[in-house]
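The chain contents come next:
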Amino acid sequence: MTRTTRLLVLLFAVLLLGGVGTEAVLYAADRADRKDQEQVGGPPVRPGTVTLAGGQGQLLFRNLAWGPHRDEIVTVPAGEPGSTRTSSGLKCLRFHAAAGTGICLQAVHGTLDDTYRAVVLDDRLHELRSFPAAGIPSRARVSPSGRLAAWTVFVSGDSYAGSNFSTRTAIVDTRDWRFESNLEEFAFLVDGRPQRASDLNVWGVTFADDEHFYATVATGGTTHLVRGDLTARTLTSLHQNVECPSLSPDGTRVAYKKRVPGASPDAPWRLYVLDLATMAETATAEQRNIDDQALWADGSTLVYSLPGEYGADLWTVPADGTGAPATLAVSAVAPAYLR
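Reference entry: report on the structure contained in this document. Quick caveat: nothing in here was measured; it's all calculated off a predicted structure. (Residues numbered from 1 in each chain as written. Predicted model: local features only at pLDDT ≥ 70, side-chain atom pairs only at ≥ 80, totals over all residues. Heavy atoms only, no water.)

### Details of the overall build of the protein chain
Under the convention used in this document: Starting at the N terminus, helices and strands are each numbered in turn, a helix being any DSSP run of H or I of at least four residues and a strand any DSSP run of E of at least two. Remark: exposure states derive from per-residue accessible area (1.4 Å probe, protein chains only) relative to the maximum for the residue type, with buried under 20%, exposed over 50%, and partly exposed in between. Only heavy atoms enter the contact rule, under which two residues are in contact if any of them lie within 4.5 Å. Each accessible area value is a Shrake-Rupley result obtained with a 1.4 Å probe; residue values ignore everything except the protein chains displayed when judging cover.
Helix and strand counts for the protein chain stand at one helix and 27 strands. Taken across its 339 residues, the protein chain has 48% of its residues classed as buried. Put simply, 43% of the contacts in the protein chain that link residues at least 6 apart link residues at least 24 apart. Summed over all atoms, the accessible surface of the protein chain reaches about 16,000 Å², with 53% contributed by carbon and sulfur.

### Digging into the sheet that holds strand 8 (residues 127–133)
This is how it is decided: Here, any two strands with at least 2 DSSP bridges between them count as paired. Note on geometry: axes are lines fitted to C-alpha atoms, helical ones only across the stretch in contact, with angles between N-to-C directions running from 0 to 180 degrees.
Strand order across the open sheet formed by four strands is 5-6-7-8, with antiparallel pairing between neighbours. Sheet topology places strand 5 (94–98) and strand 8 at the edges, where each strand pairs with a single neighbour. On average, each strand axis in the sheet is tilted by 25° relative to the strand beside it, whichever way the strands run. Note: strand 7 (residues 114–121) against strand 8, six bridges, orientation antiparallel. Of the residues in strand 8, the one forming a bridge with valine 119 is serine 130.

### Considerations on the sheet that holds strand 21 (residues 269–275)
Sheet architecture is open: four strands sit in the order 19-20-21-22, paired in antiparallel fashion. Two strands close off the open sheet at either side, each with one partner strand: strand 19 (243–247) and strand 22 (281–283). Across the sheet, the axes of successive neighbouring strands diverge by a mean angle of 30°, strand direction being ignored. Judged from the seven bridges that link them, strand 20 (residues 253–259) and strand 21 form a sheet pairing that is antiparallel. Looking across to strand 21, one finds that arginine 253 is bridged to aspartate 275.

### Overview of the pattern of salt bridges
Pairing is possible between side chains that carry opposite charge, provided their charged atoms lie close to one another. What counts here: Salt bridge criterion: a side-chain nitrogen from Lys or Arg within 4 Å of a carboxyl oxygen from Asp or Glu.
The tally for this structure, following the rule as stated, stands at 13 salt bridges. In this structure, arginine 139 and aspartate 292 form a salt bridge, with 3.9 Å as the shortest nitrogen-oxygen distance. In this pair, arginine 139 is assigned in strand 9 (residues 136–142) and aspartate 292 in the loop between strand 22 and strand 23 (295–296), connecting sequence segments 153 residues apart. Accessibility classification places arginine 139 together with aspartate 292 in one group, the buried group.

### Description of the packing of aromatic side chains
Rules: Think of it this way: a Phe, Tyr or Trp ring, Trp meaning its six-membered ring, pairs with another when their centres are within 6.5 Å, and the plane angle makes it stacked under 30 degrees, edge-to-face over 60, tilted otherwise. Placement of a charge over a ring requires the Lys NZ or Arg CZ to be within 6 Å of the ring centre, with the centre-to-atom vector within 35 degrees of the ring normal.
As enumerated under the stated definition, the model contains 11 aromatic pairs in all. Ring centres 5.9 Å apart and planes at 25° place the aromatic pair tryptophan 151 and phenylalanine 179 in the stacked group. In this pair, tryptophan 151 sits in strand 10 (residues 148–156) while phenylalanine 179 sits in strand 12 (residues 179–180), placing the two residues 28 residues apart along the sequence. The class for tryptophan 151 is buried, based on a relative accessible area of 4%. Judged by centre distance (5.5 Å) and plane angle (80°), the ring pair of tyrosine 160 and phenylalanine 165 falls under edge-to-face. In this structure, tyrosine 160 and phenylalanine 165 share a single accessibility class: buried. By way of ring pairs, the aromatic residues Phe131, Trp151, Trp177 and Phe179 are connected into one cluster. Across from the ring centre of tyrosine 272, 4.6 Å away, lies the NZ or CZ of lysine 258, which sits over that ring. Against the face of tryptophan 315 rests arginine 288, its NZ or CZ located 4.0 Å from the ring centre.

### Concerning the side chain of histidine 96
Under the convention used in this document: Definition of a polar contact: a pair of N or O atoms within 3.5 Å, with one able to donate and the other able to accept a hydrogen when the atoms are protein atoms, and with sequence-neighbouring residues admitted only if both atoms are side-chain atoms.
Assignment of secondary structure puts histidine 96 in strand 5. Judged by its relative accessible area of 7%, histidine 96 falls in the buried class. At a separation of 2.9 Å, a polar atom in the side chain of histidine 96 contacts the main-chain amide nitrogen of valine 142. Apart from residues no more than four positions distant in its own chain, histidine 96 is found in contact with Thr101, Gly102, Ile103, Ala140, Arg141, Val142, Leu295, Pro335 and Ala336.

### Here we look at the environment of lysine 258
Within the fold, lysine 258 resides in strand 20. Owing to a relative accessible area of 16%, lysine 258 belongs among the buried residues under this scheme. Separated by 14 residues in sequence, lysine 258 and tyrosine 272 have C-alpha atoms that sit 6.6 Å apart. When sequence neighbours within four positions are dropped, the list of residues in contact with lysine 258 reads Asn241, Pro268, Trp269, Arg270, Tyr272 and Glu281.

### A closer look at the pairing of strand 27 (residues 332–338)
With respect to burial, strand 27 is a largely interior element, seven of its seven residues being buried. Bridge analysis of strand 2 (residues 58–63) against strand 27 gives five bridges, and the strand direction is antiparallel. Bridge pairing links leucine 60 to alanine 336 in strand 27.

### A word on the side chain of threonine 174
Relative to the assigned elements, threonine 174 resides in the loop between strand 11 (166–173) and strand 12. Ignoring any residue separated from it by four or fewer positions in sequence, one finds threonine 174 in contact with Thr101, Val120, Gly146 and Arg147.

Just distances and angles here, no functional claims.
Here it is as structure tokens:
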């Protein structure tokens, strides 16, 4: 190959790569612009009144459908998840609600950088009080009584898949606004003995009542299911290889994501259910990677998110290992049932 031929080949390659790059940039820009336009065939979304009071049989979630109501909290009848969504106008990155109390994790867009905050909401989705959040929102839960709200953020990193991340988990009491800003300050107990660790991370609170909760504690490369006590300020290890627990309505079982042998390091989790009385584990029929804190739709069905065409979709699967996964709602994440 002559020098001239080599130069022509190089020039052609540069032009080709430049064209591909330009096309990719234009496609991404066009896709970003279209996010404000309602997607053809997508779920219909209309503005309206959304409340957390008297809403038995309602399912709320963050709407990811493209259009003017993207990222807003919407509601649909729980029995008709594919029906027209009523949008509240409230934008949240993470959301949960129970008994007339909501928790909304929001981004505050600045000139140079974004900051985040946790907003406690009343039954009309009005702000009661807000708290600075130290990083990217990850998990949110409200206790069954509506008295307590918890949230987890990434202080560094943005994924649980690797080891290079740090979380911060807080709990607030909406009755007297007592605030636990960092659950890592609680005593961590294994086999009844306090453990001291500089690499402790806590995330994924799920409430049992207004004094007790379950969560994940990670240290030394191991994740623990812990039972938390707000009065004693303790985190007691119950089981290992448990992440993002979710307590069943009757308080007898915990759904969670579990790392399984042989899975990809980037997609290591499968959805399991643990019987707290026997410590027996049951694998659900969902075989895909689950990076979410599942929610109990009722005493027998789990709801969780998986990546979808417009961000994420909500899926369901029976908690007892039978059946098969099924789509619940497209373009949706962060669900909450008003029981």
